[in-house]
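The lines below spell out each chain.
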Amino acid sequence: MPHVNIRCLGVALAVMAIAGCTKSEEKQAGDDLRSDMPLRDVAFYAEHQPERGEMETVCAQWKSSQRPPASWPSIVVSTCNNVDSANELLKSRKDRDDFKKGMGL
């Protein structure tokens, strides 16, 4: 029976070694990722371009960090979603205004 336990231990160690960090993940300490932001809604970011631009930069850094979004602080997830929604809202408004202008309205 001890022979079975040694095999199980070997398999367990192999799985743990495979599940370890990859080289790119080892370099990601996350020290340069910001999460010090106030929670603002979509309407705020739609009306305040400088703040929206600043948060777009922060969100781009989080997105390029290759960290799973489930591991992001909730303030970052909420802010990035609100910034993306504000951008979509502004694009939608512009498209609607361009359509109305093209129709002569």
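For clarity, every value in this text was computed on a predicted model and none was experimentally measured.

With that settled, the discussion passes to helix H4 (residues 49-64). For the α-helix, the turn length of 3.6 residues means that residues three or four positions removed from each other point alike. Between its first and last C-alpha, H4 extends 22 Å over 16 residues, near the 22 Å set by a 1.5 Å rise per residue. Turning to H4, its buried residues number three or more, namely Arg-52, Met-55, Val-58, Cys-59 and Trp-62. For H4, the arc enclosing every buried residue in end-on projection is 125°, short of the 170-degree limit, so these residues lie on one face. Exposed residues on H4 whose side chains face more than 90 degrees from its buried face are Pro-50 and Ser-64. For H4, the elements touching its buried residues are helix H3 (42-47) and helix H5 (74-103).

The next thing to look at is a nonpolar patch on the surface. Where nonpolar side chains cluster on the molecular surface, the patch consists of Phe-99, Met-103 and Leu-105 and spans about 410 Å² of accessible area. You can see Leu-105 is positioned in the segment after H5.

Let us now look at the environment of Glu-54. With respect to the helices, strands and loops of the structure, Glu-54 is situated in helix H4. Taking the C-alpha atoms as reference, Glu-54 lies 10.0 Å from Val-83; in sequence the two are 29 residues apart.

This part covers the nonpolar core. By size, the foremost hydrophobic cluster in this structure holds 14 residues, and its most contacted members are Tyr-45, Met-55, Trp-62 and Val-76. Those elements giving two or more residues to this core turn out to be H3, H4 and H5. Ignoring any residue separated from it by four or fewer positions in sequence, one finds Trp-62 in contact with Leu-33, Arg-34, Ser-35, Arg-67, Trp-72, Pro-73 and Val-76.

With that out of the way, let us pick up the packing of aromatic side chains. Per the counting criterion, the structure on display carries two aromatic pairs. Residues Phe-44 and Tyr-45 carry aromatic rings whose centres are separated by 5.5 Å and whose planes lie at 80° to one another, so their mutual orientation is edge-to-face. For Tyr-45, a relative accessible area of 1% gives the class buried.

So, about the side chain of Ser-65. Assignment of secondary structure puts Ser-65 in the loop between H4 and H5. Only 2.6 Å separates the side chain of Ser-65 from the backbone oxygen of Trp-62, close enough to count as a polar contact.

Let us now look at unusual backbone geometry. A positive phi angle is found at Gln-66, which is not glycine, with a value near 65°. Among the residues examined, Gln-66 registers a relative accessible area of 55% and is labelled exposed.

Here the structure, examined in full by the defined rule, presents one disulfide. What pairs with Cys-59 in a disulfide is Cys-80, and their sulfur atoms sit 2.1 Å apart. On the sign convention where negative is left-handed, the bridge of Cys-59 and Cys-80, at about -105° about the S-S bond, is left-handed. Of this pair, Cys-59 sits in helix H4 while Cys-80 sits in helix H5, and the two are 21 residues apart along the sequence. Given the relative accessible area of 4%, Cys-59 is considered buried. Residue classification places Cys-80 among the buried residues on the basis of a relative accessible area of 3%.

Rules of the game
Residues numbered from 1 in each chain as written. Predicted model: local features only at pLDDT ≥ 70, side-chain atom pairs only at ≥ 80, totals over all residues. Heavy atoms only, no water. Helix = DSSP H or I, 4+ residues; strand = E, 2+ residues; numbered from the N terminus. Expected span 1.5 Å × (residues − 1). Buried < 20%, exposed > 50% of the residue type's maximum accessible area, 1.4 Å probe, protein only. Arc of directions from axis to C-beta. Contact = heavy atoms within 4.5 Å. Patch = residues over 30% accessible without salt bridge, like charges linked within 9 Å, V, L, I, M, F, W, Y side chains within 5 Å. Areas by Shrake-Rupley, 256 points an atom, 1.4 Å probe, with all protein chains shown as cover. Salt bridge = Lys/Arg side-chain N within 4 Å of Asp/Glu carboxyl O. Core = buried A, V, L, I, M, F, W, Y, C linked by side-chain atoms within 4.5 Å. Phe/Tyr/Trp six-rings, centres within 6.5 Å; stacked < 30°, edge-to-face > 60°. Polar contact = N/O pair within 3.5 Å; in protein donor to acceptor, adjacent residues only side chain to side chain. Disulfide = S-S within 2.5 Å.

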